[in-house]
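Examining the three-dimensional arrangement
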Amino acid sequence: DSTRSDVVNTSTTTSTGITASTYPPLPSSTTPVSSSGLLHTHPQQTMTKEEVLKKLGDDKQLERERALIALEKQVLPTLADDEIYDELIPYFVEQGRDDSLTWQVRCGAVLGLVTVVKYTSVKYVYGKDDDASRQTANTEKIKKSEVAMVETGINAVGRSELRERQAGAQLLGELSKRHIINVWELCGDQLLDSIDASFALDAEQRSFESEKAVKEQSGLSKAGTQLLHDTEGWRNLTTSLGAVKSILEASGPTVVFEENVKVRLLPLALRAREHTNRFVREVSLFVLTALIASADKYDRLHSVAMSETDSLLLFFADRVVVSIATGLDDNWSQVRFAACVCVRELMTRVDEQHRSKFYPLLVPRMCLNRHYVAEGVRLYSQTTWKLVMGDQGRNVLQSIIDKVVEYYILQTEAENHAVREASCYALSELAMKLPDENRVIPHLHAMLAALVNCFKDESWPVRDCACTASSQIVSRFCAMNSPGLAACEPAIPEFYLLWVAHLADNIPSVRANSARSLAMVAAVFPPDYKYCGIERIVEDCRKYLRSVHHQPRDSVRYAQTDDTHFGAAHKIARDHDPALHENQPMYSCGSLAAKSGVGTGAQSPGGGSGTRSPSYISQKFRRGGGCMDHGFSRTTQPWEETDGALRLWGALSSIGATPAGHQSNGTESQHAASATANVVVHANHVHDGGYYCSLLLPDVVDVANMNVEFAHAPYLLETLWRELATAASALPKDSVIEYLPKLLPSLLASEKCGNQLTEASAKSASMKLRVKVGFGEWKAAMSKIELSKS
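Now for a description of the structure that goes with this document. (Residues numbered from 1 in each chain as written. Predicted model: local features only at pLDDT ≥ 70, side-chain atom pairs only at ≥ 80, totals over all residues. Heavy atoms only, no water.)

So, about the overall build of the chain. The number of helices and strands found in the chain is 35 helices and 2 strands. Relative to its 790 residues, the chain shows a buried fraction of 54%. In the chain, once contacts between residues fewer than 6 apart in sequence are set aside, the share between residues at least 24 apart is 73%. When the accessible surface of the chain is split by element, carbon and sulfur atoms take 52% of a total near 34,700 Å². (Helix = DSSP H or I, 4+ residues; strand = E, 2+ residues; numbered from the N terminus. Buried < 20%, exposed > 50% of the residue type's maximum accessible area, 1.4 Å probe, protein only. Contact = heavy atoms within 4.5 Å. Areas by Shrake-Rupley, 256 points an atom, 1.4 Å probe, with all protein chains shown as cover.)

Structural data, given as structure tokens:
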């Protein structure tokens, strides 16, 4: 994890403007790799010492890498100690410092020193040399060589070429691991001076570049340093911080107590954490991580008590905790990951007694990042939570629930759509998993208000999460006779409109989750509950099922004499229509939002027009970070409304037992309570989903026999047969037998329509229906169809 700060800076821009990676391709399982991590990209070739030294300065990256492998595998094992320390190292030191040479030659020399240091560390320093007298005799020579190599490394860190700076930082880190000389003592102040100077130089340079851009271009919407992207290089600031990080990781306990670390390095690292450039912010967090780990090791080595006055770890912890918290909120996933690494080091090293004071600031952020969209951040945070909290996570959240809810609600307004999405997950988790509902109920109003705003978001993943989260909260706290109902009920009317509206969303997963959400809340309210009882839901579902009959036909524009089933020919013609695919707006990845322009608002469901914008959908568009925030929504198609209604029909079939006064498959149950204006909802409100689905069966049959001359007909029929297979077991047998002859023609045609998913869904529905009605009824229905054809 600590090497990530170097990885992000491994590309450089050539004179042609093309970004080229400085690292070789990833190795396969059969690709040999040297101990230095370089690839054997071809069968190893024998090279002489002179050839290796020449190839180390080659203009081609691949040749330099091959030379480093040959140096390690072929040259160094053949050299005597005196040749290494008296000839090879001085040669590399001289080459690395020579300003008249090209950067490739200097960089190759520094990397050569890195290879030599690794080789000699294994042979001498770590005790793998059998000749102890030789090891002792070489000590003074090694120290003298290392001082020269440190000077070469610090010289390389100050160069203009990125790869040369990285090589210098790597050399300083490798020398620190040997613990023969105090590398920080030799070059620490120089690195700190370089970091300090870089802040001023970069600010001055960026101001100059921005002023130049303003003069060269007119009509710019930004001014000053805003014109420059935050990923632009900042001279050697990143690599100098990286060199400091490498030294601290290798020899931190021996230098962390130094005055220049406390007085100079710590303030510079905290300042870098607030830097505009994300790479600088990332590496600064790794420096803070190294400081925390080094301070803890120092305390343990010297048996320092964990106290505010004595502990070096607590000294650093108190000063870096705010910067860590800010990093956990960063808009860039790499920076957020670096902060996750840092917070794990802090929370696992500080004892439970002292880390509890950090809970209000860090725990809400640690918990939310467990749901962050970036997989590295999410998985790392989940593991950190287990390491730090064990089985006490819920109790800790309950103890600081005010701070947690406040933070979650604040993050629902974040610029990054991924953060807003994670906030919806976190709010739902908080409401559903905390054992004491009474600690959650006082916050329900604010939590639901935040979810309403997220439900109107431009980013569909945020709407999707808000949809599920809101239904989970309402179903839990309205299913019990508690103050939770009073807290939730004011928001239910607006949520119901949003759940129904999103049945017609452009995104299939949003339609599916909206259907499941409506079924979930229908199960906990009386059937005639005025806000979201199942009777109202059924009526709205019926309206949406009929929307497809208003779907415009593609056959008017794409008439074909050789038409096939279910709009296949129309789709082919539509896909090749230049009018639909030329001079059209560009759309962002993962969304139906255009890359520029002004938002038009969410679309209204129902009626099949797909053009209304209801008043309950916010017209305020939140534009921010992320590839899905653009404030656009394309017009809802009538077939999408019907698709959502079919998903809702299938979801309703999973609901409980028979309501009073109705028969279904020979069973009957009484409705537990009558609905009133101020109804008290109990958990035992159960309804027979099969009965209510049977009320909609005629409309479902009409959908099956719709006009299929539009491009998306196969997708709609796929949904129809999939949901019919789901609902078949709950539907009354008599109803299925009654409508089976009307369903079979379309069902049999779908089994051979040419769309594999539709065919699979139709065959599954056929099997379920055959089991439901029995072989005799199925055969009779098939005979009727055969007779009608003849």
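It is worth spelling out the packing of aromatic side chains at this point. In the structure shown here, the tally under the stated rule is 10 aromatic pairs. Seen in terms of ring centroids, Tyr691 and Tyr692 are 5.0 Å apart; in terms of plane orientation they differ by 70°. Their pairing is edge-to-face. Among the aromatic residues, ring-to-ring pairing joins Phe455, Phe495 and Trp499 into one connected group. Between Arg271 and the ring centre of Phe199, over which it is positioned, the NZ or CZ distance is 4.1 Å. The ring of Tyr380 has Arg344 lying over it, and the distance from NZ or CZ to the ring centre is 3.7 Å. (Phe/Tyr/Trp six-rings, centres within 6.5 Å; stacked < 30°, edge-to-face > 60°. Lys NZ or Arg CZ within 6 Å of the ring centre and 35° of its normal.)

Among the structural elements, Val773 can be located in helix α34 (residues 756-773). Residue classification places Val773 among the buried positions, given a relative accessible area of 3%. Spatially, the C-alpha atom of Val773 lies 6.2 Å from that of Lys733, the residues being 40 residues apart in sequence.

A word on the side chain of Asn513. Tracing the backbone through its elements, the reader meets Asn513 in helix α26 (residues 508-522). Within the structure, Asn513 has its side chain in polar contact with the side chain of Asp464 (distance 2.5 Å). (Polar contact = N/O pair within 3.5 Å; in protein donor to acceptor, adjacent residues only side chain to side chain.)

Below, the discussion takes up the environment of Tyr408. Structurally, Tyr408 can be placed in helix α19 (residues 401-411). The buried category is assigned to Tyr408, whose relative accessible area is 0%. Measuring from C-alpha to C-alpha, the distance between Tyr408 and Ala450 comes to 9.0 Å, with 42 residues separating the pair along the chain. What Tyr408 contacts, discounting residues up to four positions off in sequence, is Pro364, Cys367, Leu368, Ser423, Ala426, Leu427 and Leu430.

Of all hydrophobic cores here, the largest spans 212 residues; its most connected members are Leu172, Leu291, Leu362, Phe525, Trp649 and Trp721. A total of 11 residues in this core trace back to one element, the largest contributor, which is helix α12 (residues 278-301). The residues contacting Leu362, other than those within four sequence positions of it, are Val321, Ile324, Ala325, Leu328, Val343, Leu346 and Met347. (Core = buried A, V, L, I, M, F, W, Y, C linked by side-chain atoms within 4.5 Å.)

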